[in-house]
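Structural features, examined
In case you want the letters, here they are:
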Amino acid sequence: MTTSFAPRIFSGIQPSGGLTLGNYLGALKRFADYQGQGAETIYCVVDLHAITVWQDPEKLRHNTREVAAAFMAAGVDPSVSVLFNQSQVSQHAELAWLFNCVARIGWMYRMTQFKDKAGKNSENSSLGLLAYPSLMAADILAYHATAVPVGEDQKQHLELTRDIAAKFNHDYGVNFFPITEPLIEGTATRVMSLRDGSRKMSKSDPSDASRINLTDDADAIAQKIRKARTDADPLPGSMEGLKDRPEARNLVNIYAALTGETGDQVLARFEGQGFGAFKPALADVAVTALAPITRRMTEFMADPAEIDRILGRGSEKAAAISAPIIERTKEIMGMIRSR
Ligand code: AMP
Ligand code: TRP
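Residues numbered from 1 in each chain as written. Chains lettered and ligands numbered in written order. Predicted model: local features only at pLDDT ≥ 70, side-chain atom pairs only at ≥ 80, totals over all residues. Heavy atoms only, no water.

1. Describing the pairing of strand 3 (residues 82–85)
Every other side chain in a regular strand lies on the same face of the sheet, so the side chains alternate between the two faces. Applicable threshold: Buried residues are those whose accessible area, probed at 1.4 Å on protein chains only, stays under 20% of the maximum for their type, while exposed residues exceed 50% and partly exposed ones sit between those limits. Numbering of helices and strands starts at the N terminus; helices are DSSP runs of H or I of at least 4 residues and strands are runs of E of at least 2. Strand pairing follows a simple DSSP-based rule, namely that at least 2 bridges must link the two strands.
Burial along strand 3 is two-sided: Val82 and Phe84 facing one way and Leu83 and Asn85 facing the other are all buried. Inspection of the sheet shows strand 2 (residues 40–45) paired to strand 3 by 4 bridges, in the parallel sense. Considered in strand 3, the bridge of cysteine 44 is made with phenylalanine 84.

Okay, structure coming up:
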């Protein structure tokens, strides 16, 4: 079925602590690539999502600016894309409430991210942590976004976004919200921990050696790659041979994502070699790719007032798109607007 929705890309990143190579390869790097490809691009620092777990206010302000700086350092151009922070555009919270009354509680309990983050004592987690995916659906649907680039871990949330849109359309007998396509593409949709090939690289992992942070310097990057867990076997000629070697596969995938090659192309060059040769090569590639980004982030962070101005202008543009969509949503739901 063809829809009448104009192509529009939306994605968001939480300002809940430092960003990792996983965020860069799985999300940030791709955000810049979608610019100028025919779809409008809207990128958001989702501070309302971050507070579903405790955030120190001063750190939240810092981290919000840092994620905005990372977006720009990775190539997101605020004169091409709409770049803003979620809490400045009240339509997100407003639509999230409307969706809270469309979505079912059972859908929320099934989310693996909720189960992971809530842990054993889920009764004690914030109500916002449970309703988190409803706010995420609101982020996307407040712009009638048709496609959402994310890493693999967000797939379930995007399915729920589709469920909310479909239920709204069905309940009210309209074709108002698009059924959004997830864009989970490339060789690095799930970058794994450097210490454990079965866990995703995450800013919340207690071990700093498990991840490469976007703020790490060249020495730290080289050292973490040198110490990354691997096995003793030489590299095979194709990715097929890495099926049961998760740590080795992860390092090859990272290399491929950084250079824009496929895993097989990388392995064609390293076939028969061990990690003694591969790791220094990977460290070189990682430093070459990340050093300019780290430098640009630092430059942007030197002028926080300018970041705030950029976010302010982005928020105005975002509100201009989402406000009429929320007004129409309320009208469809039967709410009176008399001024
Ligand atoms: P978050 O930091 O949880 O707000 O995630 C921001 C974006 O980065 C989302 O699109 C995630 O799917 C993506 N992401 C986070 N960690 C990874 C990872 N280890 N590999 C690939 N993508 C990731
Ligand atoms: N939940 C996403 C994450 O943790 C962040 C996010 C919030 C998001 N709203 C979004 C991603 C809308 C894409 C679209 O990574």
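From this point, things continue past the structure.
2. Topic: the site of ligand 1
To keep it simple, the criterion reads: What makes a residue near a molecule or strand is one non-hydrogen atom of that residue sitting within 4 Å of it. Within 3.5 Å is the distance limit for a polar contact, defined as a pair of N or O atoms, with the added protein rule that one can donate a hydrogen and the other accept it, and that residues adjacent in sequence qualify only through two side-chain atoms. For every accessible area listed, the method is Shrake-Rupley and the probe measures 1.4 Å; residues are considered covered only by the protein chains on display.
Not every one of the 17 residues close to ligand 1 is listed here, only the nearest: Gly151, Asp153, Val191, Met201 and Lys203. Asparagine 23 is positioned such that a nitrogen or oxygen atom in its side chain is 3.0 Å from an oxygen atom of ligand 1. One of the backbone nitrogen or oxygen atoms of methionine 201 is found 2.9 Å away from a nitrogen atom of ligand 1. For ligand 1, whose unbound accessible area comes to 490 Å², protein coverage reaches 93%. By residue number, the principal contributor to the shell around ligand 1 is helix 1 (residues 21–33), which donates 4 residues.

3. Section: helix 12 (residues 275–301)
Stated precisely, the cut-off is as follows: How far a helix is expected to stretch is found by multiplying one less than its residue total by 1.5 Å. Think of it this way: the bend at a residue is just the angle between two axes, each fitted to seven residues, one set ending at that residue and the other starting at it.
For helix 12, spanning 27 residues, the distance from its first C-alpha to its last is 36 Å, which sits close to the expected 39 Å at 1.5 Å a residue. The sharpest bend along helix 12 measures roughly 30° and falls at leucine 290, with the proline proline 292 sitting one to four residues further on. Every buried residue belonging to helix 12 is among Phe275, Phe278, Lys279, Ala281, Leu282, Ala283, Val285, Ala286, Leu290, Ile293, Thr294 and Met297, and all of these are buried.

4. Looking at the packing of helix 4 (residues 91–100) against helix 13 (residues 304–333)
Basically, it comes down to this: Every axis in this analysis is a line fitted to C-alpha atoms, fitted for helices over the stretch in contact. Angles between the N-to-C directions lie between 0 and 180 degrees. Angle categories are assigned with fixed cut-offs, so that under 35 degrees is roughly parallel, over 145 is roughly antiparallel, 65 to 115 is roughly perpendicular, and the rest are oblique. It is the rotation of the near helix from the far one that decides the hand of a crossing: anticlockwise by less than a right angle makes it left-handed, clockwise makes it right-handed. Any pair of residues with heavy atoms lying within 4.5 Å of one another is described as a contacting pair. All amino acids are sorted into three groups, where Ala, Val, Leu, Ile, Met, Phe, Trp, Tyr, Cys and Pro are nonpolar, Asp, Glu, Lys and Arg are charged, and the leftover types, Gly among them, are polar.
Relative to each other, helix 4 and helix 13 sit at 25°, their axes nearing to 10 Å. Looking at the two axes, helix 4 sits roughly parallel to helix 13. For helix 4 against helix 13, the interelement crossing comes out left-handed. Residue-level inspection shows Gln91, Glu94, Leu95 and Leu98 of helix 4 in contact with helix 13, the latter providing Ala319, Ser322, Ala323, Ile326, Thr329, Lys330 and Met333. Grouping the amino acids of the contact of helix 4 with helix 13 by side-chain chemistry returns 6 nonpolar, 3 polar and 2 charged.

5. What to know about the domain arrangement of the protein
The line we're drawing: Reported domain spans reflect what an automatic or database domain assignment gives. Accessible area that two parts lose when put together, evaluated with a 1.4 Å probe and summed over both, is termed the buried area.
Here the domain parsing of the protein yields domain 1 (8–190 + 304–333) and domain 2 (208–298). Once you take the C-alpha centre of each, domain 1 and domain 2 turn out to be 30 Å apart. Contact with domain 1, which involves 14 residues of that partner, is made by 16 residues of domain 2. Buried surface at the junction of domain 1 and domain 2, summed over both partners, amounts to about 1300 Å²; 71% is from carbon and sulfur atoms. By the criterion of area lost to domain 2, the three top residues of domain 1 are Leu21, Ala73 and Thr187, representing 45% of everything that side buries.

6. Comments concerning the site of ligand 2
Taken together, 13 residues form the shell around ligand 2, and within it Gln14, Tyr132, Met136, Asp139 and Gln154 come nearest. The separation between a nitrogen atom of ligand 2 and a polar side-chain atom of tyrosine 132 is 2.6 Å. Interatomic distance of 3.0 Å between a side-chain N/O atom of glutamine 154 and a nitrogen atom of ligand 2. Contact with the protein chains hides 91% of the accessible area of ligand 2, taken as 360 Å² for the molecule alone. Among the elements of the structure, strand 1 (8–13) and helix 7 (127–141) are those that each provide at least two residues to the shell around ligand 2.

7. Let's talk about the nonpolar core
Burial of nonpolar side chains together is a common tendency in soluble globular proteins. Stated precisely, the cut-off is as follows: To define a nonpolar core, start from buried Ala, Val, Leu, Ile, Met, Phe, Trp, Tyr and Cys residues and group those joined through side-chain atoms within 4.5 Å.
Leu21, Tyr24, Leu25, Leu28, Phe71 and Phe278 are the most contacted members of the largest nonpolar core, which totals 61 residues. Of the residues forming this core, the biggest block, 10 residues, is contributed by helix 12. Domain assignment of the residues forming this core places at least three in each of domain 1 (8–190 + 304–333) and domain 2 (208–298).

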